[in-house]
Amino acid sequence: MAPDEDASDPQSLIPVSMRSASADRCWWCGGFADSREHRHKRSDVVGTFGGGRWTDGGVVRVVSGRNRPDYIQGPNSGKLKFPKVLCTSCNNSSSQAFDLAYEAFSQYLRENARVVDDGFRFKFSDVYGSDWRIHREELVRYFVKHVGCRLAEVGIAVPDALIDFMNGKGRRAPHLNMQMSANLSKLEMGRHMSRVHGSNEGSLWLGDHELLLGRDGSPGGTQSFFGFDWFTLSWGFSFTWRRGQSNFYHSDKVEIPQFWPGGMAAGDVERVCVDCNSIEKKA
Ligand SMILES: [Zn+2]
Ligand SMILES: [Zn+2]
C-alpha cells in the first residue's frame, strides 16, 4: 500500500479470490516488480506544469478525490508514482507504444481549444492520422496499464483476461467500464486561473479508489478516475463481469459528455477560488 493512499481504503473487503498472491511480482508478466510507473504520464506533468524549472517553491497541486488537496514535489516526486508493481521491461519497452499513444492524445486535447469549442468532440483520426485504429488500441492499453497499477497497489490480482488484452489479444478491455467525460467545473477553474491569476499551469487529477458494492452489499468491483484539466477518464472494474464497456470505442468520432460535479454550477469557481478569497492575498 502506498504511504499516501487513503488509510480508510477498504482493502480488507476485497474478496480473497481477487487478492494478489505476492506483493513483489509484476502484475503484467509475473516477473520481479522493480519499476515504478508514473501515476500521471511524465509528459502530462511537464506539459501541464511546465518542464525544466518547477514552479516557485517546488510545489504543484494535485487533488485526490473530492477537493482534498495534496502537495507534491516536482515531476519525480514519489507521490507521482505507483509503488513497484511492474517490472522494468513491462513498464518501459513493452508499453512504450501505449505511453506514446497516450502522450499524443493528451497533448492533442490540451493544445486544441477547438475540441472544447466544438462541444467536446474529437476524432481519433485527427489525433493519430490514418492509423488511428491501431493507436486507439494502444491508448486503451495505456488506460488499462494505469488501472492495472491501481489494482495492484491495493493488492488486487489483475485478471488473466486483462493481461491477455495487454498482450494484444481480444478487444474492448474486459472487466472494465471506461468513460471519457468533461468536468465543467475544472474547465471553468482552468479558465479562471488563466484569466484572473495569469496561471496556465493546468491541473492533474486522481480519484480515490473506491470499492463498489453489489445490491446484496457484497463487493463487486472498484472504481476511480484520473485526468488532466477538464478531461476525465472514469473507470469501473468488475471482479466478475468480463464484458468491456466504454463511450469511446465505437467509431472514429467521440462525443464527450459533460458534467458539473456534485452541487457545482457555472460561476461557482469564482466564489470558491482559494486565491481570490485568500486573506493573505499576494500583492
Ligand atoms: Zn513485467
Ligand atoms: Zn481566483
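Residue numbers restart at each chain and count upward from 1, following the sequence in its written direction. Working convention: letters from A go to chains and numbers from 1 go to ligands, in the order in which they are written. The predicted nature of this model means local features are confined to residues of pLDDT at least 70 and side-chain atom pairs, given and counted, to a pLDDT of 80 or more, with totals for whole chains, interfaces and linings taken over all residues.

Take the overall build of the protein chain next. Looking only at helices and strands, the protein chain features 10 helices and 11 strands. Exposure classification rests on a simple neighbour count of other C-beta atoms within 10 Å of a residue's own: a residue reaching 20 or more is buried, one at 12 or fewer is exposed, and one in between is partly exposed. C-beta atoms are placed from the backbone. Counting every position in the protein chain, which comprises 283 residues, the buried fraction comes to 34%. A separation of at least 24 residues holds for 71% of the contacts in the protein chain among residues at least 6 apart in sequence. Each helix is a run of H or I in the DSSP string that is no shorter than four residues. Each strand is a run of E no shorter than two, and both are numbered from the N terminus. Placing C-beta atoms from the backbone, we regard two residues as in contact once those atoms come within 7 Å.

Turning our attention to helix H8 (residues 184-197). An α-helical segment advances 3.6 residues per turn. Residues three or four places apart therefore align on the same side. The span you would expect from a helix comes to 1.5 Å times its residue count less one. Counted at 1.5 Å a residue, the expected span for H8 with its 14 residues is 20 Å, and the 19 Å between its end C-alpha atoms agrees. Next to the buried residues of H8 lie strand E4 (176-183) and helix H9 (268-272). Backbone geometry just after H8 places Gly198 at a positive phi near 65 degrees.

Its identity is not glycine, yet Ala173 carries a phi of approximately 40 degrees, on the positive side. Looking at the element boundaries, Ala173 is found in the loop between helix H7 (160-166) and E4. For Ala173, a count of 24 C-beta atoms within 10 Å gives the class buried. Of note, the phi angle at Asp229 is positive, near 45 degrees, even though the residue is not glycine.

Right, let's get into the packing of helix H3 (residues 96-111) against helix H6 (residues 132-153). Packed helices, taken two at a time, are described by the angle between their axes plus the distance between the axes. At a minimum axis distance of 7 Å, the contact between H3 and H6 shows a crossing angle of 100 degrees. As judged from the angle between their axes, H3 and H6 are roughly perpendicular. Between H3 and H6, the contacting residues are Ala97, Phe98, Asp99, Ala101, Tyr102 and Phe105 on the first element and His135, Glu138, Leu139, Arg141, Tyr142 and Lys145 on the second. In the contact of H3 with H6, the residues fall into seven nonpolar, one polar and four charged. Helix axes are fitted only over the stretch in contact, all axes being lines through C-alpha atoms; the angle between N-to-C directions runs from 0 to 180 degrees. Any angle that is under 35 degrees is reported as roughly parallel, and any over 145 degrees as roughly antiparallel; angles of 65 to 115 degrees are reported as roughly perpendicular and all others as oblique. Charged means Asp, Glu, Lys or Arg here, nonpolar means Ala, Val, Leu, Ile, Met, Phe, Trp, Tyr, Cys or Pro, and polar covers whatever is left, Gly included.

This part covers the confidence of the model for the protein chain. pLDDT is a residue-level measure of predictor confidence that goes from 0 to 100. Summary statistics for the protein chain give a mean pLDDT of 82 and a share of 82% for residues scoring 70 or more. Within the protein chain, helix H5 (residues 124-128) carries the highest mean pLDDT (98), whereas strand E1 (residues 59-64) carries the lowest (44). In this model residues 1-7 is a low-confidence stretch, pLDDT under 50, and it forms six contacts with partners more than four residues away in sequence or in other chains. Counted against residues more than four places away or in other chains, residues 52-69, with its pLDDT under 50, gives 26 contacts.

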